[in-house]
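What the coordinates show
The primary structure of each chain is shown beneath.
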Amino acid sequence: MNAAAIEAFFSTLKAANPHPQSELEYTTVFELLAAVLLSAQATDVGVNKATRKLFPVANTPQAILDLGLERLESYIKTIGLFRSKAKHLMEACRMLVERHGGEVPDSREALEALPGVGRKTANVVLNVAFGEPTMAVDTHIFRVGNRTGLAPGKTPMAVEQQLMKRVPAAYAVDSHHWLILHGRYVCQARKPLCPRCTVAAYCDFKDKTVAA
């Protein structure tokens, strides 16, 4: 995908959705961090169902610690890998209280030092909470980057590096939301919905699907 096509690709996505938002539900930076940590290998819908019950009871690092591991597990048991996620979240909360006064830090190094927080989670928090032009490459963005020719790469890091170079600055902050939503609802894994795709004209995918 050349520079002109990339500009048209993102301007079209922006026109359709000028202010894209995460589909995870949260009201504070900590709630965002907790929700993203819980979302690994799980759907946003599933995480939201659990956090709608958890956050009214405990939505700060200290409140999670006061809840205790067993009760925390009872709130998130419908989420895949809930036991390991509960341990990570408890450990992260302990570190937030002890090292950061209960606040979520705004540096990559400090975020990635938290248990259960990898590069992708840190990128989401830095982007959504702090407005940094990061690129959290999940399965959707990895697929869209490769399939469209926007950012080919064999690893998530390779796709991330390509996107950081190729996405125009005007679209950098919101681009990861547009790409996730596009991959989730249009450029789907098994059969992309090319006939209803608004950016198909700018995409390099050779085997575009046709209307039934």
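Relevant structure appears above.
Residues numbered from 1 in each chain as written. Predicted model: local features only at pLDDT ≥ 70, side-chain atom pairs only at ≥ 80, totals over all residues. Heavy atoms only, no water.

1. Some remarks on the overall build of the protein
From N to C terminus, the protein includes 11 helices and 0 strands. N-terminal to C-terminal, the α/β element order of the protein is α-α-α-α-α-α-α-α-α-α-α. At 18 Å, the protein has a C-alpha radius of gyration in line with the 17 Å of a compact globule built from 212 residues. A principal-axis box enclosing the C-alpha atoms of the protein has dimensions of 55 × 35 × 30 Å. Partitioning the contacts of the protein with sequence separation of at least 6, the portion at a separation of at least 24 is 58%. When the accessible area of the protein is evaluated, it comes to approximately 10800 Å², of which 54% is carbon and sulfur surface. Placing the 25 positive and 20 negative side-chain charges of the protein at their respective mean positions leaves the two points 10 Å apart. (Helix = DSSP H or I, 4+ residues; strand = E, 2+ residues; numbered from the N terminus. Rg over C-alpha atoms; globule rule 2.2 N^0.38 Å. Contact = heavy atoms within 4.5 Å. Areas by Shrake-Rupley, 256 points an atom, 1.4 Å probe, with all protein chains shown as cover. Lys, Arg positive; Asp, Glu negative; His and termini not counted. Charge placed at Lys NZ, Arg CZ, Asp CG, Glu CD.)

2. A few points about helix 2 (residues 29-38)
The buried fraction of helix 2 is high, at 9 of 10 residues. Along helix 2, the residues that are buried comprise Phe30, Glu31, Leu32, Leu33, Ala34, Ala35, Val36, Leu37 and Leu38. Looking at the buried side of helix 2, the elements it contacts are helix 3 (44-54), helix 4 (61-67), helix 5 (69-76), helix 6 (82-100) and helix 8 (119-128). (Buried < 20%, exposed > 50% of the residue type's maximum accessible area, 1.4 Å probe, protein only.)

3. Side note on the packing of aromatic side chains
In total, this model carries 4 aromatic pairs according to the counting rule given. Aromatic pair phenylalanine 9 and phenylalanine 10: ring centres 5.2 Å apart, planes at 75°, arrangement edge-to-face. Phenylalanine 10 shares its class with phenylalanine 9; the two are buried. These aromatic residues form a ring-pair network of at least three members: Phe9, Phe10, Tyr171 and Trp178. One residue, arginine 147, lies across the ring of phenylalanine 205, its end atom 5.3 Å from the ring centre. (Phe/Tyr/Trp six-rings, centres within 6.5 Å; stacked < 30°, edge-to-face > 60°. Lys NZ or Arg CZ within 6 Å of the ring centre and 35° of its normal.)

4. What to know about empty space enclosed by the protein
In this structure the tally under the stated criterion is 2 cavities of 30 Å³ or more. Within this model, the largest cavity holds a volume of roughly 100 Å³. If you go around the largest cavity, you meet 15 residues; those closest to its centre are His182, Cys187, Cys194, Cys197 and Cys203. In terms of residue class, the lining of the largest cavity is built from 11 nonpolar, 2 polar and 2 charged. Reported here for the second largest cavity is a volume of approximately 30 Å³. Considering the residues around the second largest cavity, the lining is formed by Phe30, Leu33, Ala34, Leu37, Leu89, Ala92, Leu96 and Val117. Secondary structure elements with two or more residues in the lining of the second largest cavity: helix 2 and helix 6. Ranked by the residues each element gives to the lining of the second largest cavity, the list is headed by helix 2, at 4 residues. Considered class by class, the residues forming the lining of the second largest cavity number 8 nonpolar, no polar and no charged. (1 Å grid on protein atoms, 1.4 Å probe; cavity = no way out; pocket = protein on both sides within 12 Å on 5 of 7 lines; lining within 4 Å. Points joined across faces, edges and corners; volume = space filled by probe spheres on them. Nonpolar A, V, L, I, M, F, W, Y, C, P; charged D, E, K, R; others polar.)

5. So, the nonpolar core
Core analysis: the largest hydrophobic core is formed by 36 residues, its most contacted members being Ile64 and Leu72. Discounting residues that sit within four places of it in the chain, leucine 72 has contacts with Leu54, Ile64, Leu67, Ala86, Leu89 and Met90. With 24 residues, the next largest nonpolar core counts Phe10, Leu13, Leu150 and Leu179 among its residues. (Core = buried A, V, L, I, M, F, W, Y, C linked by side-chain atoms within 4.5 Å.)

As far as function goes, none of this settles anything; it's purely spatial.
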